[in-house]
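Coordinates in review
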Amino acid sequence: MAAPGLPVVGRLARAVGLPLVLLGLLLPFLPLLLWSVAGRYPYPALVPTERSSRPVRLLVDPSSEVLTGLVNSTVIALSVALIASLIGLSAGRALGLHSFRGKRLVQFLLLAPVIVPGIAVTLGIQVFFIRYGLSDTRRGVVLVHLLAAVPYVALVMSSVYANLDLRLEDQARTLGARPLQVLLRVTLPAVAPGLAVAATFAFLISWGEYVLTLLVGGGAVKTLPLLLYAYLGSTDVPVAAALGLALVLPPVLLLAATSRFLAGERTPLAGFGRV
Amino acid sequence: MATRIELEQLTVDYGAEPVVDGLDLVVEPGTLVALLGPSGCGKSTTLRAVAGLLRPRSGDVRFDGTSVLPLPPERRPVAMVFQAPLLFPHMSIGDNVAFGLRMRGVGRAERRRRAAEALEQVRLPGVAERRPGELSGGQEQRVSLARALVLQPHVLLLDEPFSALDASLRTEVRDLVGELQRSAGVTTLFVTHDQEEATVLADRVALMLDGRLQQVGAPRDFYERPASVEVARFFGTANAFPGAVRGGFWRGALGEVRVDAPDGPGTLLLRQEAVRLVGPDHPGADAVVTRTTYTGTGVRAWADAGGTEVALVADPSARVAAGDRVRLHLPPDRCTVVRS
């Protein structure tokens, strides 16, 4: 049976295009991979002439600060994801479901940190951070990361809530669920896929943040991006490459874990980007 | 266990405008009352007030003489079925049906047993493991019904539960609801905008227009004894002739009809099916047919009787065409007069 014309073109585009896209995404990581196992890698050799496990060993060496950076980055990013999710859950509900005086202003203020460069804002609030002893602390870094992460989380959650059928909550009440039970058994499970996506955003924003961390952390709070930058400045390319991979791997795994929520049909993210 | 519902002077408003205005209604134990009206008339709002989903501004909702207004929705002995099935998307069908039992602290084994029973009642055995979305709209609505009935509620509230279904499914689910309601003997308040649905299903009908009750009675009353022109119009009566009553006779443009009504101005109401075409030697009003529509079960016709338009339904075999001169008989026993 001859297939009609268009699907053939579509299949061809898929067969050729998809590998091309993947190649474009993954190819830049190849040099990183090669460098991270290199002992000697002189120009113009295509692959390292000598292999070494030194860069990778350095990652797990307690004296190298990489483990400290990994712990710092993880603790900070998880805290940011958790707190931003809590804020996003309530702010998103208010923005997505209710109309109130000054709603547009709130929406604008939420977006403001996205519009105004974070470095400008941070330079301004750093004075207060120093005054309240938040400077050079993980708490301070978490706070300043929240500034960058909360707008995205609130916007994602507001479109998630805009697609939530509130009658589900009414139905649950009439079936005998108390308000807290409605929240735990009906509302949260219904918005969970969107919340997972929003929390992932928050995690990624925090995980990759450099400038704000440097400003508020003052170099005392060492996260992976800070360490990577330090190694990039040095001439130890193999270690920088290994560190680069260590920085990329967790977000990729996280995205892989939540991708089914981004693509899934049941995900109430159809209105995503509507705000 | 059947409960008597009393609504007394129930008033609900969103903002300034009252949506429900001083509503009095009694639903006798074990009966089904249809709260009928066009969309926006306040009938769903009334139902939500009975369920406890919104707080009336004034008035009372009593179950068996006790006010339930202090109770939140989850503490009222009520189960409600909405227009959409509203199955919880993250739960299996069985867990959906068992949700209310779980909220009441019923153990897992008993929950499963009773959920399975309820699904059998709505003729969906063996779907407990399936997920919402794997069933058709009609099946999902039956699951929703099972989820309400499994609680053995004292009061069942139905908010347009069939209006999202296809015509064929609607009849099927409607008949199932009627059957289950009667066998369970549960007091039921049923909101609908469809007068046929109300007529078929309800023991009594309460017609609501603009937030107020217009007439409460047996379904038959709305066809045979409508309380006002508006009620008659809602039930599809097309003929309303202005006139006046004196000495037991209504007089108007179409002549005289013997009626049982007090003296004074009155509008004669007559269903189109009741208007009869009679021979020229029979007393009646002369008219000229202006247009006709064949409906399969009859011929809808409109006739002009000296400037007054009369709607009628003739036998499908009747050969009535525009331009025909006919004589119309208005049977007195089918006529009602309401104050104009």
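As a reminder, the structure under discussion sits directly above these lines.
Right, let's walk through the structure included here. Just so it is clear, the structure is predicted and the values come from calculations on it, not from any experiment.

Residues and elements named next belong to chain B. Burial analysis of helix H2 (residues 93–103) places nine of its 11 residues in the buried class, which makes it a mostly covered element. Within the sequence span of H2, burial applies to Ile 93, Gly 94, Asn 96, Val 97, Ala 98, Phe 99, Gly 100, Leu 101 and Met 103. Positive phi appears at Gly 105, one or two residues downstream of H2, with a value of about 75°.

Before going further, it helps to examine the sheet that holds strand S11 (residues 239–246) of chain B. All names here are of chain B. With antiparallel pairing, the five strands of this open sheet are ordered in space as S13-S12-S11-S14-S20. Whereas interior strands pair on both sides, the edge strands pair on one side only; in this sheet they are strand S13 (255–258) and strand S20 (336–339). Direction aside, the axes of adjacent strands within the sheet are offset by 40° on average. Here S11 runs beside strand S12 (residues 249–252); their pairing, made up of four bridges, is antiparallel. Bridge pairing links Val 245 to Trp 250 in S12.

The end-to-end C-alpha distance of helix H9 (residues 179–208) of chain A, which contains 30 residues, comes to just 38 Å, noticeably less than the 44 Å that a straight helix rising 1.5 Å per residue would cover. Approximately 55° is the largest bend angle found in H9(A), and it occurs at A:Ala192, with the proline A:Pro193 only one to four residues beyond.

On to the nonpolar core, then. In terms of nonpolar packing, the biggest core is built from 87 residues, with B:Phe99, B:Leu119, B:Leu145 and B:Leu157 touching the most fellow members. Considering every element that reaches this core, the biggest residue donor is H2(B), with six residues. Residues A:Leu89, A:Leu146, A:Ala154 and A:Ala202 belong to the second largest nonpolar core, which totals 45 residues.

Time to look at the packing of helix H4 (residues 66–97) of chain A against H9(A). Residues and elements named next belong to chain A. Contact pair H4 / H9: the axes reach a minimum separation of 8 Å and the direction vectors enclose 135°. Relative to H9, H4 is oriented oblique. Relative to H9, H4 is oriented so that their crossing is right-handed. Contact with H4, carried on its side by Leu 70, Ser 73, Thr 74, Ile 76, Ala 77, Leu 78, Val 80, Ala 81, Ala 84, Ser 85, Leu 89 and Arg 93, involves Thr 187, Leu 188, Val 191, Leu 195, Ala 199, Ala 202, Phe 203, Ser 206 and Trp 207 of H9 and no other residues of that element. Residues of the contact of H4 with H9, tallied by class, amount to 15 nonpolar, five polar and one charged.

This part takes up the interface of chain B and chain A. Chain B puts 26 residues into the contact, and the matching count from chain A is 19 residues. Carbon and sulfur atoms supply 63% of the area buried between chain B and chain A, which totals about 2,000 Å² over both sides. Counting across the chain B and chain A interface gives two salt bridges. The closest approach of N and O atoms between B:Glu74 and A:Arg173, which form a salt bridge, is 2.7 Å. Taken together, the connections running from chain B to chain A amount to six residue pairs in polar contact (both at pLDDT 80 or more). Secondary-structure elements contributing two or more residues to the side of chain B that touches chain A are helix H1 (43–51), strand S6 (78–81), H2 and helix H4 (137–149) of chain B. Of all the elements, H2(B) adds the most residues to the side of chain B that touches chain A, at four residues.

The subject of this paragraph is the pairing of strand S4 (residues 58–63) of chain B. All names here are of chain B. With five bridges joining them, strand S1 (residues 5–14) and S4 adopt antiparallel strand pairing. By the bridge assignment for S4, Leu 7 is matched with Val 61. Of the pairings in the sheet, the one linking S4 to strand S5 (residues 66–67) comprises two bridges and is antiparallel in character. Paired with Arg 62 across the strands is Ser 67, a residue of S5. From the end of S4 to the start of S5, which pair antiparallel, there are two residues, and Asp 64 there has a positive phi angle of about 50°.

So, how was this worked out
- Residues numbered from 1 in each chain as written.
- Chains lettered and ligands numbered in written order.
- Predicted model: local features only at pLDDT ≥ 70, side-chain atom pairs only at ≥ 80, totals over all residues.
- Heavy atoms only, no water.
- Buried < 20%, exposed > 50% of the residue type's maximum accessible area, 1.4 Å probe, protein only.
- Helix = DSSP H or I, 4+ residues; strand = E, 2+ residues; numbered from the N terminus.
- Pairing = 2+ DSSP bridges.
- Axes fitted to C-alpha atoms, helices over the stretch in contact; angles between N-to-C directions.
- Expected span 1.5 Å × (residues − 1).
- Bend = angle between axes of the 7 residues up to and from the residue.
- Core = buried A, V, L, I, M, F, W, Y, C linked by side-chain atoms within 4.5 Å.
- Parallel < 35°, antiparallel > 145°, perpendicular 65-115°, else oblique.
- Left-handed = near helix turned anticlockwise from the far one by under 90°.
- Contact = heavy atoms within 4.5 Å.
- Nonpolar A, V, L, I, M, F, W, Y, C, P; charged D, E, K, R; others polar.
- Buried area = accessible area lost by both parts, 1.4 Å probe.
- Salt bridge = Lys/Arg side-chain N within 4 Å of Asp/Glu carboxyl O.
- Polar contact = N/O pair within 3.5 Å; in protein donor to acceptor, adjacent residues only side chain to side chain.

Purely geometric stuff here, so don't read any function into it on its own.
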